[in-house]
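# Fold and geometry: a report
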Amino acid sequence: MYDEPWITVMAQELVQEVTDWMAGITLTCCPKTQIKQNKEQMDSVLVCAGKKTRISVQLQADPQLFFRLTQKMVGSDPQDKEEVQEYAIEYVNVLCGRFISHLFSHWHEKTRYFFPKYETPPNVTAINEKSEAKSLFFISEMQESVIFSWFIEHDETDNEEE
């Protein structure tokens, strides 16, 4: 149920569509070997959601990509790092909101969505060290790296009465 191929296809399409729509940045899916940056050199935004079924989603990117994304969304250079972080969070909020919404709608489950958290350097253990985590790798037209990862777990002991 949680490892179906349509989830990967949907994730890839959403990452590319939302990035192009919000910032006009083109991302191309690529093999992991094309990602040149060390994960600790990337910034990330982490989002969690769920009740019985819990999902963690992390988008890691070159800081330059988040800078360009902010620049294109604002129409000028960002004023400071905080502005870049705010726009990165908004971008990931839209992207992950759509991703999570599609999943829970398909599963006919209600969920609780937690506000995204910006991390620099990223907490690479948040998702990437979990054996069931799925990751997609992208490269921008400016050779900026992006990693979109998710981890889904189901808790049979959780009850719906919250």
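Further up the page is the structure itself.
Notes on the structure follow. Remember, predicted model here, so these are calculated numbers, not experimental data. (Residues numbered from 1 in each chain as written. Predicted model: local features only at pLDDT ≥ 70, side-chain atom pairs only at ≥ 80, totals over all residues. Heavy atoms only, no water.)

### Comments concerning the overall build of the protein
Helix and strand counts for the protein come out as 3 helices and 6 strands. Each helix and strand of the protein, placed in order from N terminus to C terminus, yields the pattern α-β-β-β-α-α-β-β-β. By residue count, 46% of the 162 residues in the protein fall in the buried class. As presented, the protein carries roughly 8400 Å² of accessible surface, and 49% of it is formed by carbon and sulfur atoms. (Helix = DSSP H or I, 4+ residues; strand = E, 2+ residues; numbered from the N terminus. Buried < 20%, exposed > 50% of the residue type's maximum accessible area, 1.4 Å probe, protein only. Areas by Shrake-Rupley, 256 points an atom, 1.4 Å probe, with all protein chains shown as cover.)

### Digging into the nonpolar core
The biggest cluster of nonpolar side chains holds 39 residues, and the ones touching the most others in it are Ile55, Phe66, Tyr91, Phe99, Phe148 and Trp150. Of all the secondary structure elements, the ones that give two or more residues to this core are α1 (5-23), β2 (43-50), β3 (53-61), α2 (63-74), α3 (81-106), β5 (134-140) and β6 (145-154). In terms of nonpolar packing, the next biggest core, distinct from the first, is built from 6 residues, Cys30, Ile35, Phe137 and Ile139 among them. (Core = buried A, V, L, I, M, F, W, Y, C linked by side-chain atoms within 4.5 Å.)

### Regarding the packing of aromatic side chains
Per the stated rule, a full pass over the model turns up 5 aromatic pairs. Summarising the aromatic geometry, the rings of Phe99 and Phe148 are spaced 5.3 Å apart at their centres and angled 85° between planes, so their arrangement reads as edge-to-face. Taken together, the positions of Phe99 in helix α3 and Phe148 in strand β6 put the pair 49 residues apart, joining distant regions of the chain. Given the relative accessible area of 1%, Phe148 is considered buried. Three or more aromatic residues link up through ring pairs in this structure, and these residues are Phe99, Phe148 and Trp150. (Phe/Tyr/Trp six-rings, centres within 6.5 Å; stacked < 30°, edge-to-face > 60°.)

### Overview of the packing of α2 against α3
Remark: α2 packs on α3, axes separated minimally by 9 Å, with the N-to-C direction vectors making an angle of 85°. With respect to their mutual orientation, α2 and α3 come out roughly perpendicular. Residues Phe66, Phe67, Leu69, Thr70, Met73 and Val74 of α2 pack against Glu83, Val84, Tyr87, Ala88 and Tyr91 of α3. Its residues assigned to classes, the contact of α2 with α3 comprises 9 nonpolar, 1 polar and 1 charged. (Axes fitted to C-alpha atoms, helices over the stretch in contact; angles between N-to-C directions. Parallel < 35°, antiparallel > 145°, perpendicular 65-115°, else oblique. Contact = heavy atoms within 4.5 Å. Nonpolar A, V, L, I, M, F, W, Y, C, P; charged D, E, K, R; others polar.)

### Points about the pairing of β3
Of all the 9 residues making up β3, 8 are buried; the element is thus mostly covered by neighbouring parts of the structure. With 8 bridges connecting them, β2 and β3 associate as antiparallel partners. Bridged to Ala49 within β3 is Ile55. Remark: 2 residues form the turn of the hairpin made by β2 and β3, two consecutive strands paired antiparallel. Relative to β6, β3 runs antiparallel, the two sharing 9 bridges. What sits directly across from Ile55, in β6, is Ile152. (Pairing = 2+ DSSP bridges.)

### A closer look at the pattern of salt bridges
Inspection of every chain in the model, using the stated rule, returns 4 salt bridges. Close ionic contact of Glu153 with Arg54 constitutes a salt bridge, the shortest N to O distance being 4.0 Å. With a gap of 99 residues between them, Glu153 in strand β6 and Arg54 in strand β3 connect regions that are remote in the sequence. For Glu153, a relative accessible area of 33% gives the class partly exposed. (Salt bridge = Lys/Arg side-chain N within 4 Å of Asp/Glu carboxyl O.)

### Looking at α2
Its 12 residues give α2 an end-to-end C-alpha distance of 17 Å, which sits within 8% of 16 Å, the value for a rise of 1.5 Å per residue. Of the residues making up α2, those classed as buried are Leu65, Phe66, Arg68, Leu69 and Thr70. The positive-phi residue at the C-terminal boundary of α2 is Gly75, with phi of around 90°. (Expected span 1.5 Å × (residues − 1).)

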